[in-house]
Amino acid sequence: MSDMPAKLAEIVDDFASAPREVVLEMLLEFSDAVPPLPEALRGHDGMEQVPECQTQFFLRAEVQPDDTVVSYFDCPPEAPTTRAFAGILAEGLDGASTGEILAVPDDLYTRMGLATAISPLRIRGGTAILGRLKRQIREQS
């Protein structure tokens, strides 16, 4: 767990220790944490679509010269749960290095205790988002 970026580990702990009835509310708060796309990516040019998500979801990871990663996510506001995954990653991985992100456990959302709050299909979408992000980082490292 300690290999995870500190911000993300904190979010995971918050969720894991939250009472079940609060988890969904917390999740929805994160759907507002997704930063808007820069102008150049507005048409999703150079972004990868994640077909495992029930909603249109696009992402792009850019490894910087200092080995940190800048991630871009786009998902419609009508899909707050899926958008929340993006918000959690956007906030939790902000300023993280390639190694820290690659060390994030693939069962992240299960560790957060989300399996009891949302459908397996949504969890699978969230897991696919993380997996594709890691793959893009590996391809650039």
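In the block above lies the structure referred to throughout.
All of the points below concern the structure found in this document.

How each quantity is defined
Residues numbered from 1 in each chain as written. Predicted model: local features only at pLDDT ≥ 70, side-chain atom pairs only at ≥ 80, totals over all residues. Heavy atoms only, no water. Pairing = 2+ DSSP bridges. Helix = DSSP H or I, 4+ residues; strand = E, 2+ residues; numbered from the N terminus. Contact = heavy atoms within 4.5 Å. Axes fitted to C-alpha atoms, helices over the stretch in contact; angles between N-to-C directions. Buried < 20%, exposed > 50% of the residue type's maximum accessible area, 1.4 Å probe, protein only. Arc of directions from axis to C-beta. Lys, Arg positive; Asp, Glu negative; His and termini not counted. Salt bridge = Lys/Arg side-chain N within 4 Å of Asp/Glu carboxyl O. Polar contact = N/O pair within 3.5 Å; in protein donor to acceptor, adjacent residues only side chain to side chain. Core = buried A, V, L, I, M, F, W, Y, C linked by side-chain atoms within 4.5 Å. Phe/Tyr/Trp six-rings, centres within 6.5 Å; stacked < 30°, edge-to-face > 60°. Left-handed = near helix turned anticlockwise from the far one by under 90°. Nonpolar A, V, L, I, M, F, W, Y, C, P; charged D, E, K, R; others polar.

1. Section: the sheet that holds strand β2 (residues 58–63)
Pairing within the open sheet is antiparallel, and its three strands lie in the order β1-β2-β3. The open sheet has two edge strands, β1 (48–49) and β3 (69–74), and neither has a second partner. The pairing of β1 with β2 spans two bridges and is antiparallel. In the strand pairing of β2, Q49 is matched with F58. With respect to the sheet, helix α6 (residues 120–140) is in contact with β1, β2 and β3, its orientation differing from that of β2 by roughly 35°.

2. Here's the deal with helix α2 (residues 20–30)
Restricting attention to buried positions, one finds in α2 the residues V23, M26, L27 and F30. Taken down its axis, α2 places every buried residue within 105° of arc, on the same side. Seen from the open side of α2, the exposed residues pointing more than 90 degrees away from its buried face are E21, E25 and E29. The inward-facing, buried residues of α2 contact α1 (6–17) and α3 (80–92).

3. A short note on the side chain of R83
Here R83 is to be found in helix α3. It turns out R83 is buried and unbridged, and the closest side chain with the opposite charge, D74, is 4.7 Å from it. At a separation of 2.5 Å, a polar atom in the side chain of R83 contacts the main-chain carbonyl oxygen of C75. Contact partners of R83, with chain neighbours within four places excluded, come to F30, S31, V34, C75, P76 and P77.

4. Topic: the nonpolar core
Formed by 42 residues in total, the largest nonpolar core has its most connected members in F15, F73, L108 and L114. Excluding its chain neighbours within four sequence positions, the residues that come into contact with F15 are V23, M26, L27, F30, I88, M112 and L114. Core analysis: the second largest hydrophobic core is formed by five residues, L37, M47, F58 and Y72 among them.

5. Here's the deal with the pattern of salt bridges
Counted under the stated rule, the structure contains nine salt bridges. The salt bridge involving E39 is made with R42; its shortest N-O contact spans 3.1 Å. Owing to a relative accessible area of 44%, R42 belongs among the partly exposed residues under this scheme. One salt bridge connects E48 with R132, and the closest N-O pair in it is separated by 2.5 Å. Linking E48 in strand β1 with R132 in helix α6, this pair joins segments that are 84 residues apart in sequence. The buried category is assigned to E48, whose relative accessible area is 15%. Overlapping salt bridges, with partners in common, bring together E48, E52, R132, R135 and E139 in one network.

6. With respect to the packing of aromatic side chains
Counted according to the given criterion, the structure contains three aromatic pairs. A ring pair is formed by F15 and F30, whose centres lie 5.8 Å apart and whose planes are at 40°; its orientation type is tilted. Taken together, the positions of F15 in helix α1 and F30 in helix α2 put the pair 15 residues apart, joining distant regions of the chain. What makes F30 buried here is its relative accessible area of 13%.

7. Observations regarding the packing of α3 against α6
Closest axis-to-axis distance for the α3/α6 pair is 10 Å, and the angle between their directions is 35°. The hand of the α3/α6 crossing is right-handed. Residue-level contacts link T81, T82, F85 and L89 of α3 to R122, I123, G126, I129, L130 and L133 of α6. For the contact of α3 with α6, a count of residues per class yields six nonpolar, three polar and one charged.

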